[in-house]
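# Fold and contact review
If you want the building blocks of each chain, they are given just below.
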Amino acid sequence: QDVKKEMVEEKGLQEDAADRIGEYVRMSGGLELVDKMLESPLAGSKIAKQGLEDMKLLLKYCELYNCGDSVSFDLSLARGLDYYTGVIYEAVLCGDAKDANGELITVGSVAGGGRYDGLVGMFDPKNRSVPCVGVSIGIERLFSIMEANLTKDSNKVRTVETQVYVITAQKNLVEERMKIISELWSAGIKTEHSYKRNPKMLNQLQFCEDAGVPLAVVIGESEIAAGIVKLRNIATREEVEVKREELISTLKEKLQTL
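Below: a short report on this structure. For clarity, every value in this text was computed on a predicted model and none was experimentally measured.

A tally of helices and strands in the protein chain yields nine helices and ten strands. The globule rule puts the C-alpha radius of gyration for 258 residues at 18 Å, and the 31 Å found for the protein chain is more than 25% above it. Expressed along its principal axes, the backbone C-alpha trace of the protein chain runs to roughly 95 × 50 × 35 Å. With 258 residues in all, the protein chain has 31% of them scored as buried.

Taken as a whole, this structure holds four aromatic pairs when the rule is applied. Among the aromatic side chains, those forming a connected cluster through ring pairs are Y83, Y84 and Y116.

On to a negative patch on the surface, then. Taken together, the side chains of D2, E6, E9 and E10 present a region of like negative charge at the surface. Residue placement: E6 occurs in helix α1 (residues 2-10).

When the terminal C-alpha atoms of helix α6 (residues 174-186) are compared, their 19 Å separation across 13 residues agrees well with the 18 Å that a helix rising 1.5 Å per residue should span. Inspection of α6 places V174, E176, R177, I180, I181 and L184 among the buried residues, and these make up the whole buried set. All buried residues of α6 lie within an arc of 160° about the axis, which places them on one face of the element. Turned more than 90 degrees off the buried face of α6, the exposed positions are E175 and S186. Buried-residue contacts for α6 involve β6 (164-168), β7 (191-193), β8 (215-219), α8 (221-226), β9 (228-233) and α9 (247-257). Just beyond α6, the residue with positive phi is G188, at close to 80°.

Let's shift gears to the layout of surface pockets. Here the largest pocket defines a volume of roughly 1,500 Å³. Taken together, 35 residues form the lining of the largest pocket, with M55, F73, G86, V87 and I88 sitting closest to its centre. Looking at the lining of the largest pocket, the elements that each hand over two or more residues are α4 (46-64), β2 (73-74) and β3 (88-92). With eleven residues, the single largest contributor to the lining of the largest pocket is α4.

Before going further, it helps to spend a moment on the sheet that holds β7. Strand order in the open sheet formed by five strands is β7-β6-β8-β9-β10, with mixed pairing between adjacent strands. Of all the strands in the sheet, the pair left with one neighbour each is β7 and β10 (239-243). For this sheet, the mean inter-axis angle between neighbouring strands, taken without regard to orientation, is 30°. Bridge count for β6 against β8 is five bridges, and the pairing is parallel. Following the sheet pairing, I167 is matched in β8 by V218. Contacts from helix α7 (residues 201-211) reach β6, β8 and β9, with the element oriented near 170° to β6.

This model, assessed by the stated rule, comprises ten salt bridges. For D16, the salt bridge goes to R20, with nearest N and O atoms at 3.6 Å. Separated by four residues within a single helix, D16 and R20 lie in helix α2 (residues 15-24), roughly one turn from each other. Residue classification places D16 among the partly exposed residues on the basis of a relative accessible area of 44%. For E161, the salt bridge goes to K190, with nearest N and O atoms at 3.0 Å. You can see E161 sitting in the loop between α5 (139-152) and β6 and its partner K190 sitting in the loop between α6 and β7, a full 29 residues away along the chain. Relative accessible area serves as the criterion here: at 42%, K190 is assigned to the partly exposed category.

With respect to the helices and strands, L77 occurs in the loop between β2 and β3. Placed 73 residues apart in sequence, L77 and L150 show a C-alpha to C-alpha distance of 31 Å. Apart from residues no more than four positions distant in its own chain, L77 is found in contact with I88, Y89 and E90.

What counts and how
Residues numbered from 1 in each chain as written. Predicted model: local features only at pLDDT ≥ 70, side-chain atom pairs only at ≥ 80, totals over all residues. Heavy atoms only, no water. Helix = DSSP H or I, 4+ residues; strand = E, 2+ residues; numbered from the N terminus. Rg over C-alpha atoms; globule rule 2.2 N^0.38 Å. Buried < 20%, exposed > 50% of the residue type's maximum accessible area, 1.4 Å probe, protein only. Phe/Tyr/Trp six-rings, centres within 6.5 Å; stacked < 30°, edge-to-face > 60°. Patch = residues over 30% accessible without salt bridge, like charges linked within 9 Å, V, L, I, M, F, W, Y side chains within 5 Å. Areas by Shrake-Rupley, 256 points an atom, 1.4 Å probe, with all protein chains shown as cover. Salt bridge = Lys/Arg side-chain N within 4 Å of Asp/Glu carboxyl O. Lys, Arg positive; Asp, Glu negative; His and termini not counted. Charge placed at Lys NZ, Arg CZ, Asp CG, Glu CD. Expected span 1.5 Å × (residues − 1). Arc of directions from axis to C-beta. Contact = heavy atoms within 4.5 Å. 1 Å grid on protein atoms, 1.4 Å probe; cavity = no way out; pocket = protein on both sides within 12 Å on 5 of 7 lines; lining within 4 Å. Points joined across faces, edges and corners; volume = space filled by probe spheres on them. Pairing = 2+ DSSP bridges. Axes fitted to C-alpha atoms, helices over the stretch in contact; angles between N-to-C directions.

Geometric values such as these leave the question of function open.
In structure tokens:
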């Protein structure tokens, strides 16, 4: 009613014309709707008929590309910019988009655009018509959906490709960390360690959890003396002792199961 009031009182349309527009904007569908409208009085308008023919061609092409089920002809769609000269479109998120509380995530359209044959020509000295089609993506809206999905997902998102993190439990063992890293690099295992000389063990473990590093090799003075390392699963916090000479083969075996 508010839209009708605006069309009649502010835009000067006849009330019956506003009612007819109201009937059209409630319609949406596919090729069958276009065919129906081509047989309606609306097709008596040359401009409207051309637009319907273009829409029919577009929907046929969508079917040929096997994406017809994802496209709907919606007469309520309108975009605010007046340089569009043909079809306009918007993309909306379909499927199960819910937050951690199970409530639907409603952000409206996540992309939109259309055809504008005259826009580029406005900047051409010869005012030539350059057919164009463009789209803008709602990055912030997509990010809000991604953040909601991450919140409800209990799995940590890996922010690095590091497979193994070498951790020292005592001070002055940076060279021992470097020796192990060199061995693992040579074996093709993506390995990293703290660039601090004497990092705190808890900080090193926290980095693994935050970054999603799956495995950690833990060494201390007692492990070095015994010729072993402790191999820690970051997710389960399970630790096993591994002989130094068996470290590479054990790591490769573990990484295959992750």
